[in-house]
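One-letter residues, chain by chain:
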Amino acid sequence: MTMTDLELHIQSTPMVDTHEHLRKEIEFVGGGPDILSSLFDWYTVADLVAAGASPDSIARLTDQHNDDVRGRFLGIRSAWEACQFTGYGEGVRWIAKSLFGIEELSADEVARAAPMARALHKPGERLRLLREVANLDHVQVDDFVVEVAPDDSGPDFFLYDISWLGWTNGRVNAADVFAVTGVDVTDVASLRTAFEAAFARYAPLAIAVKTQHAYDRTLIWRARDVADVTPALQKSLRGETLSEPEALCLGDWCLGCAAELAAHHGLPIKIHTGYYAGNNRMPMDRIHASHLSPLLATYPQTRFVLMHTAYPFGGEVVALAKHFTNVYADMCWAWSIDPHGSEQFLRQYLHAAPANKLFIFGGDTAWPTASVAYAWQARRGLTRVLQTEISSGFLSEPQAIRLATRWMRDNAFACFDVARARAAAADGTPGRG
Ligand SMILES: [Zn+2]
């Protein structure tokens, strides 16, 4: 079947990947994913658990030291049969087929492919999978730390976020702050100085600031007085556990500082909204993107990137991007969570919010094999949505192609200072110890 101009364009355009947690080159080469981890790490495991896979079978599935690949697969086979049609399951099937030539997963097939997975653990292969196979322009990585350093395995390709997670959770430890900023924290003023030092040191190399505090606390935010923050900070510095209201107070203040400093340094702030990875702990009332409205209104100069379509509350993200000049919608991770729902989200967004504030893809995963599959899913979803709009007469094909370029690349390049981060990485500025 010949491809339409739209399909050809979407397949051949290098896509920006706004969000990953990719493990480093040294981990990939030294202890990269075996065949079962390549297929099932890390999101699909949660679907298997939801389908009833036992903790023991999951532990065996993900135990790379166990050479019994057949037995490890057979332990989750019935759960796999229940999950194979989910977004994650579809990703598994795409990895199996496109990278290992497996048409249908079976114990024999995964055992046959085991050496092929091992053969990928070579220097440069991680970059090749992402740049050439997934056809990505660059990836933006949250490696869970404040510090940002150039990544020698692809300095212009692997760009990093400054993680603001711990501080947004209201966890301020003087030794940790000193280690990353060189500033001694004794009070609110010196904590602010430390945050300024963190930005001065890492912002030039960074691509964004990132926090996923919705996993630990509510997204509800309000402006805090220094008088209220002080006792919470002092308690935290003494190493005492904060009450929930104290942690929220200190965390809100820390996030407010980041919002202000990010604007000053030209960095967007990415915030996890919506669905939780893992199992059996998601409080649905914490995760609404709409909880962030006061933050968005308080810092109009800061660009806020709301991640994951706040699944399943996508309409809130559409409304916020439509209403706030400083809000961007990032569909990272959305396609693998719910491919069909993501198509609906994209159509809703197209017909409601400005086209210059949406990013189409981020894999949000640890291994490049999964990123390959999720990039394929995103391209397929994008193609279907735009093709549907062409068929309905709403878009011409040239208009659809222009939208695809925006969502895959141009919007990200307008929001994130990719050139600055690349230049700083090429300079090899600050190092992480
Ligand atoms: Zn993530």
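## Comments concerning the environment of Leu237
Link 1 in the chain: Locating Leu237 in the fold gives a position in helix α14 (residues 226-237).
Link 2 in the chain: Residue classification places Leu237 among the partly exposed residues on the basis of 17 C-beta atoms within 10 Å.
Link 3 in the chain: Between the alpha carbons of Leu237 and Ala421 there is a distance of 33 Å; along the sequence they are 184 residues apart.

## A few points about the nonpolar core
Link 1 in the chain: Counting residues in hydrophobic clusters, the biggest one holds 141 residues, and the most contacted among them are Ala206, Leu250, Ala258, Leu306 and Ala404.
Link 2 in the chain: Considering each element in turn, this core owes the most residues, 12 residues, to helix α15 (residues 244-264).
Link 3 in the chain: Both domains that furnish three or more residues to this core are identified here as domain 1 (33-119) and domain 2 (125-427).
Link 4 in the chain: With residues near it in sequence (within four places) discarded, Ala258 still touches Trp164, Phe195, Val209 and Ile269.

## Section: the packing of helix α4 (residues 43-50) against helix α8 (residues 87-100)
Link 1 in the chain: For the pair α4 and α8, the least separation of the axes is 9 Å and the interaxial angle reads 125 degrees. Put simply, α4 runs oblique to α8. Crossing of α4 against α8: the hand is left-handed. Contacts between α4 and α8 pair Tyr43, Thr44 and Asp47 from the former with Tyr88, Gly89 and Val92 from the latter.
Link 2 in the chain: Taken together, the residues that form the contact of α4 with α8 break down as 3 nonpolar, 2 polar and 1 charged.

## Some details on helix α13 (residues 188-202)
Link 1 in the chain: With 15 residues, α13 extends 21 Å from end C-alpha to end C-alpha; this agrees with the ideal 21 Å at 1.5 Å per step.
Link 2 in the chain: Of all the residues in α13, the buried ones are Leu191, Ala194, Phe195, Ala198, Phe199 and Tyr202. Seen along its axis, α13 keeps its buried residues to an arc of 135 degrees; they face one direction.
Link 3 in the chain: The inward-facing, buried residues of α13 contact β3 (158-163), α12 (174-181), α14 and α15.

## Remarks on the environment of Tyr276
Link 1 in the chain: Tracing the backbone through its elements, the reader meets Tyr276 in the loop between β5 (269-272) and α16 (293-298).
Link 2 in the chain: Along the primary structure Tyr276 and Ile26 are separated by 250 residues, whereas in three dimensions their C-alpha atoms are 28 Å apart.
Link 3 in the chain: In contact with Tyr276, other than residues within four places in its own chain, are Tyr215, Arg281 and Met282.

## A short note on the domain arrangement of the chain
Put simply, an interface is often sized by how much accessible area is lost when its parts join up.
Link 1 in the chain: Segmenting the chain into domains produces domain 1 (33-119) and domain 2 (125-427).
Link 2 in the chain: Among the elements of the structure, α3 (35-40), α4 and α8 are those that each provide at least two residues to the side of domain 1 that touches domain 2.
Link 3 in the chain: Broken down by element, the side of domain 1 that touches domain 2 gets its largest block of residues, 8 residues, from α8.
Link 4 in the chain: Of the residues in the side of domain 1 that touches domain 2, the class split is 10 nonpolar, 5 polar and 2 charged.

## Remarks on the sheet that holds strand β1 (residues 15-20)
Link 1 in the chain: Taken in spatial order, the 8 strands line up as β1-β2-β3-β4-β5-β6-β7-β8 in an open sheet, and their pairing is parallel. Looking along the sheet, the strands with just one partner apiece sit at the ends: β1 and β8 (358-359).
Link 2 in the chain: Of the pairings in the sheet, the one linking strand β7 (residues 327-330) to β8 comprises 2 bridges and is parallel in character. Considered in β8, the bridge of Asp330 is made with Phe359.

## Some details on unusual backbone geometry
Link 1 in the chain: Of note, the amide linkage connecting Asp41 to Trp42 takes the cis form, showing an omega dihedral of -15 degrees.
Link 2 in the chain: Turning to its location among the elements, Trp42 is positioned in the loop between α3 and α4.
Link 3 in the chain: With an omega of 5 degrees, the peptide bond between Tyr311 and Pro312 qualifies as cis.
Link 4 in the chain: Relative to the helices and strands, Pro312 is located in the loop between β6 (304-307) and α17 (314-323).
Link 5 in the chain: The backbone phi angle of Asn135 is positive, close to 55 degrees, even though this residue is not glycine.

About the thresholds
Residues numbered from 1 in each chain as written. Predicted model: local features only at pLDDT ≥ 70, side-chain atom pairs only at ≥ 80, totals over all residues. Helix = DSSP H or I, 4+ residues; strand = E, 2+ residues; numbered from the N terminus. Buried ≥ 20, exposed ≤ 12 C-beta atoms within 10 Å, placed from the backbone. Core = buried A, V, L, I, M, F, W, Y, C linked by C-beta atoms within 7 Å. Domains from an automatic or database assignment. Contact = placed C-beta atoms within 7 Å. Axes fitted to C-alpha atoms, helices over the stretch in contact; angles between N-to-C directions. Parallel < 35°, antiparallel > 145°, perpendicular 65-115°, else oblique. Left-handed = near helix turned anticlockwise from the far one by under 90°. Nonpolar A, V, L, I, M, F, W, Y, C, P; charged D, E, K, R; others polar. Expected span 1.5 Å × (residues − 1). Arc of directions from axis to C-beta. Pairing = 2+ DSSP bridges.

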